[in-house]
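What the coordinates show
Now for the letters of each chain:
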Amino acid sequence: MYYKEWIKTRWYLLLMFLSTSGFAGYCLLRLHRVIALKGIGHVWEIMLTHDVVFVDYLKYVPLVAGLLLAVVQFAPEMYHKCLKLTLHLPVSHLTVITQMLGFGVAIVLVCDILNFIILWSYMHQVLAYELWSRCLLTALPWYLAGLAAYLLAAWTILEPDWRRRVFNLLVSLLVIKIYFISDAPASYNGFLPYLSVFTLALLPLNWISIARFKEGKE
Amino acid sequence: MRKIADFILCFIVLVLLVWQLPWLINFLRTPDSNNTFALYSSLADDFICNQFVGEDKKLHRYGTDGREYSTAETDSLLPCFFMRQLVADGRFPDSIHGRAVTPHEVLQTNISIRLNPRDINGNNIALYPLIESMPKRVDLEWPDDMFRITDTGIEFIKMETNEVKTQKSRLFTEALQEKGFSFPALWVSGNPSVRKAYDEGYLILDAQHRLFHLKRCAGRPFVHEFPIPEGVILTHVFAIEPAARQFRGLAVDTENRLYVLTSDYRIALTGVESFQPVTDRLMILGNMFDWTVSVLDDYAIHHYALDATDYHLIRRLDRTLSDSSLPGLHFTSGDDRFCYPRF
């Protein structure tokens, strides 16, 4: 199952890793340019007095990456009617879909961790703990939004009924909005553990779509 | 399994409805207009309140007895607040309350302070630049380091290398300990900016709720403790650097009483009945004769007229606020910079 998912998505995964890492690298390049032009003191000053976090360009990158992963992984299954065949394997259909989603969640998490390692590796050298941790914690809800976007997009794509798909889309948009309500740096800190659990709790929504698919809803 | 998934979906839809429906209804409705601005006039011995009335919602000014004042009358009754207008009209008085005044003196002694709960309710960075208070040049200069206060002392971090300056850290830690400072700090307040006339460093509450003033003078630490009256436990302090250096800041205790930290290191109790920094907004517009202190909470606005010399209460005006907005789930609030669900 995992090999099948790997074959299906491997080129997109390469693109996803390269592009998200590229955006993370670009944020660091901007930080490095400001240091080179105005000095490190200026960076500390604007972070302290103007709420600058230098990771703004990453805001919607994990969201788009997660969304596209779901499209690449599940849209061909629906379009070519491959899912029907997959669900005829001698395994529970819930196990099958959970394994497929587990593959995607693992990929998104690995990509997120890689991005955070890239950001931390430079930031911790030039910024105090209070500053670099603030940058990373500001970006964390955006990365959770990427995971949520993947799970919600899969839920919407796997839904067999078009009318219900519109409903799923509407719910998904409002859920995604939760991750982008506040622009204040590190404002989600206290809410992050609950938001993480909430994000993972979006996975079972896909069971509804699969059950409806099995029931033959069109 | 399907039941669990259905339950999660129902829960999510319910949360989204409780969040978005009240927001939509409140957005479509015209909000109540609460006119909250009032200033005390010592010449009229009354508050002058702004109100937008009539079809065109034009600004009118009334006394608490309902008497309407014209724009020119208001300017004359609030000569310190409308000083520039009176000077432009050639109507600025030579004396106020028998005291000779000049526009420059009024400009120097006027104060305008705003405290918003958003400023303290947030994940603020616990790093502070200690600006040189006695610079060789006229302008203040941003230092090459910032300090943090740990459980055991004060640490200066050199920005260029991101390393702790051990010698300077030890010097300032010992200076604080000599004055009886107990680490860690409960509250640190300063104005980290070089775009100001002078710098007075930081006001710091130590672990025992004792209040200290820390600044850097010619590279050396200056530490002074404020003697706190018995029974008073300060919870919040706000460092303020007014142009005329009349005072050093404001403080609030566990009973929500407001104090002025005077320039001679006294803690003067004001006539403000209650101010909770974590929920209330505070605005002070003051001059050399009196201060108008406005405290805005969820239900009302309280205006206090205080004497500018000893901060005793002269007059008080309370106005309840009308709020017809539909309650619902919110993730953000005007009172803080956190994001989490709350009703």
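Each value, and the rule that gives it
- Residues numbered from 1 in each chain as written.
- Chains lettered and ligands numbered in written order.
- Predicted model: local features only at pLDDT ≥ 70, side-chain atom pairs only at ≥ 80, totals over all residues.
- Heavy atoms only, no water.
- Helix = DSSP H or I, 4+ residues; strand = E, 2+ residues; numbered from the N terminus.
- Polar contact = N/O pair within 3.5 Å; in protein donor to acceptor, adjacent residues only side chain to side chain.
- Contact = heavy atoms within 4.5 Å.
- Axes fitted to C-alpha atoms, helices over the stretch in contact; angles between N-to-C directions.
- Parallel < 35°, antiparallel > 145°, perpendicular 65-115°, else oblique.
- Left-handed = near helix turned anticlockwise from the far one by under 90°.
- Phe/Tyr/Trp six-rings, centres within 6.5 Å; stacked < 30°, edge-to-face > 60°.
- Buried < 20%, exposed > 50% of the residue type's maximum accessible area, 1.4 Å probe, protein only.
- Lys NZ or Arg CZ within 6 Å of the ring centre and 35° of its normal.

Residue and element names in this part refer to chain B. Relative to the helices and strands, Thr74 is located in helix α2 (residues 71-77). A distance of 2.8 Å separates the side chain of Thr74 from the backbone oxygen of Ser70, its partner in a polar contact. Beyond its immediate sequence surroundings of up to four residues, Thr74 is in contact with Ile48, Arg61, Tyr69 and Phe82.

Residues and elements named next belong to chain A. Close contact between helix α6 (residues 129-158) and helix α9 (residues 205-215) brings their axes to 8 Å; oriented N to C, the two are set at 10°. The angle between the axes of α6 and α9 places the two elements in the roughly parallel class. Two packed elements cross with a definite hand, and for α6 against α9 that hand is left-handed. Across the interface between the two elements, Leu151, Leu152, Ala154, Trp155 and Leu158 of α6 pack against Leu205, Asn206, Ser209, Ile210 and Phe213 of α9.

A word on the packing of aromatic side chains. All names here are of chain B. By the definition in use, this model includes 23 aromatic pairs over all chains. Taken together, a centroid distance of 5.2 Å and an interplanar angle of 90° make the contact between Phe147 and Tyr202 edge-to-face. Residue Phe147 is located in strand β8 (residues 145-149), and its partner Tyr202 is located in strand β12 (residues 202-205); the two are separated by 55 residues in the primary sequence. Each of the two residues, Phe147 as well as Tyr202, counts as buried. A cation over a ring is seen here: Lys215 above Phe222, with NZ or CZ 5.1 Å from the ring centre.

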